[in-house]
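Chain and residue survey
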Amino acid sequence: MKSHKPSRPARRPLALVATLALAAAFAAPVLATGEEVVMYKDPNCGCCGKWAEHMRAAGFSVKEIKSADMGAVKREAGVPQALGSCHTAKVGGYFVEGHVPAADVKRLLAEKPKVAGISAPGMPQGSPGMEGPYPADRYDVVSVTADGRTRVFASH
């Protein structure tokens, strides 16, 4: 007579659940880049479109909206005048002003600091969308709180 071994609980479903959970954890940062960036730009500006291309290449979905009144867009977004640039974007409840690298936007969305947004003031040479044959500037991306306090977020 053959002896029957007690059956073991099926481990495959558990292994599958664990594998899927691990895959989801590693995929989360990639999925976060799928957030839509709504970028407002002057109809006559060419570098803004290049920044949008940079963001798309980094995995973001970018909607470009032409605006003849960028001053109003910036005021509504809460961008301090001194930190302005050529275009203003909104993503994840934050403003992103100017030629901010996609890596900084990803960090902003991952860390979720209590700020209104981040800015690369002016139009730094060599920043995303401002590449060219000239030497790149060193520049800071600054975070801005709702009451206007600033802090260096990243240096490039």
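Starting afresh in each chain, residues are numbered from 1 along the sequence in its written order. Local features in this predicted model are restricted to residues whose pLDDT is 70 or higher, and side-chain atom pairs enter the listing and the counts only when it is 80 or higher, whereas totals over whole chains, interfaces and linings include all residues. Values shown for side chains rest on all heavy atoms present in the structure; no hydrogens or waters enter the calculation.

1. Some remarks on helix α4 (residues 102-111)
- For the exposure calls, accessible area comes from a 1.4 Å probe over protein chains only, and a residue counts as buried if that area is under 20% of its type's maximum, exposed if over 50%, partly exposed in between. Secondary structure elements follow DSSP: runs of H or I no shorter than four residues count as helices, runs of E no shorter than two count as strands, and numbering proceeds from the N terminus. Here α4 has its buried residues at Ala102, Asp104, Val105, Leu108 and Leu109. Taken around the axis of α4, the buried residues stretch over an arc of 160°, which confines them to a single face. Seen from the open side of α4, the exposed residues pointing more than 90 degrees away from its buried face are Ala103 and Ala110. Working definition: the arc comes from the directions between the helix axis and the C-beta atoms, pointing outward to the latter.

2. A few points about the pairing of strand β2 (residues 61-66)
- Two strands qualify as a pair provided DSSP detects at least 2 bridges between them. Both strand β1 (residues 36-41) and β2 contribute to a ladder of 6 bridges, which runs parallel. Counted as the bridge partner of Lys41 is Lys66 from β2.
- Considered for its hand, the β-α-β crossover made up of β1, helix α2 (residues 47-57) and β2 is right-handed. Here is how to tell: hold the view so the strands point away, follow the path from the first strand over the helix to the second, and if it runs clockwise the crossover is right-handed.

3. A closer look at the pattern of salt bridges
- Throughout this description, the term salt bridge denotes a Lys or Arg side-chain nitrogen within 4 Å of a carboxyl oxygen of Asp or Glu. Within the structure shown, the criterion is met by 6 salt bridges.
- Two residues, Lys41 and Glu64, come together in a salt bridge whose shortest N-O distance is 2.7 Å. Note that Lys41 is positioned in strand β1 and Glu64 in strand β2, a separation of 23 residues in sequence.
- Judged by relative accessible area, Glu64 falls into the partly exposed class, the value being 31%.
- The partner of Glu76 in a salt bridge is Lys90, with the nearest N and O atoms 2.3 Å apart. In this pair, Glu76 sits in helix α3 (residues 70-77) while Lys90 sits in strand β3 (residues 87-91), placing the two residues 14 residues apart along the sequence.
- Judged by relative accessible area, which is 55%, Glu76 ranks as exposed.
- You can call Lys90 partly exposed: its relative accessible area is 25%.

4. Quick word on the sheet that holds β1
- With mixed pairing, 7 strands are arranged side by side in an open sheet as β2-β1-β3-β4-β5-β6-β7. Looking at strand neighbours, the two that pair on one side only are β2 and β7 (150-155), the edges of this open sheet. Direction aside, the axes of adjacent strands within the sheet are offset by 25° on average.
- Where strand β5 (residues 117-120) and strand β6 (residues 140-144) come together, 3 bridges link them in antiparallel fashion. By the bridge assignment, Ser119 is partnered in β6 with Val142.
- Along the sheet, α2 contacts β1, β2, β3 and β4 (94-98); its crossing angle with β1, the most-contacted strand, is approximately 175°. Here the axes come from fitting lines to C-alpha atoms, over the contacting stretch only for helices, and the angles between their N-to-C directions go from 0 to 180 degrees. In this description, contact between two residues means that some pair of their heavy atoms is separated by no more than 4.5 Å.

5. Regarding the packing of aromatic side chains
- Pairing of aromatic rings covers Phe, Tyr and Trp, the last through its six-membered ring, and needs centres within 6.5 Å; plane angles under 30 degrees mean stacked, over 60 mean edge-to-face, and all others mean tilted. If you walk through the whole model with that rule in mind, you get 0 aromatic pairs.
- Put simply, a charge is over a ring when the Lys NZ or the Arg CZ is close to the ring centre, within 6 Å, and near the line of the ring normal, within 35 degrees. The ring of Phe153 has Arg107 lying over it, and the distance from NZ or CZ to the ring centre is 3.8 Å.

Nothing here speaks to function; it is geometry throughout.
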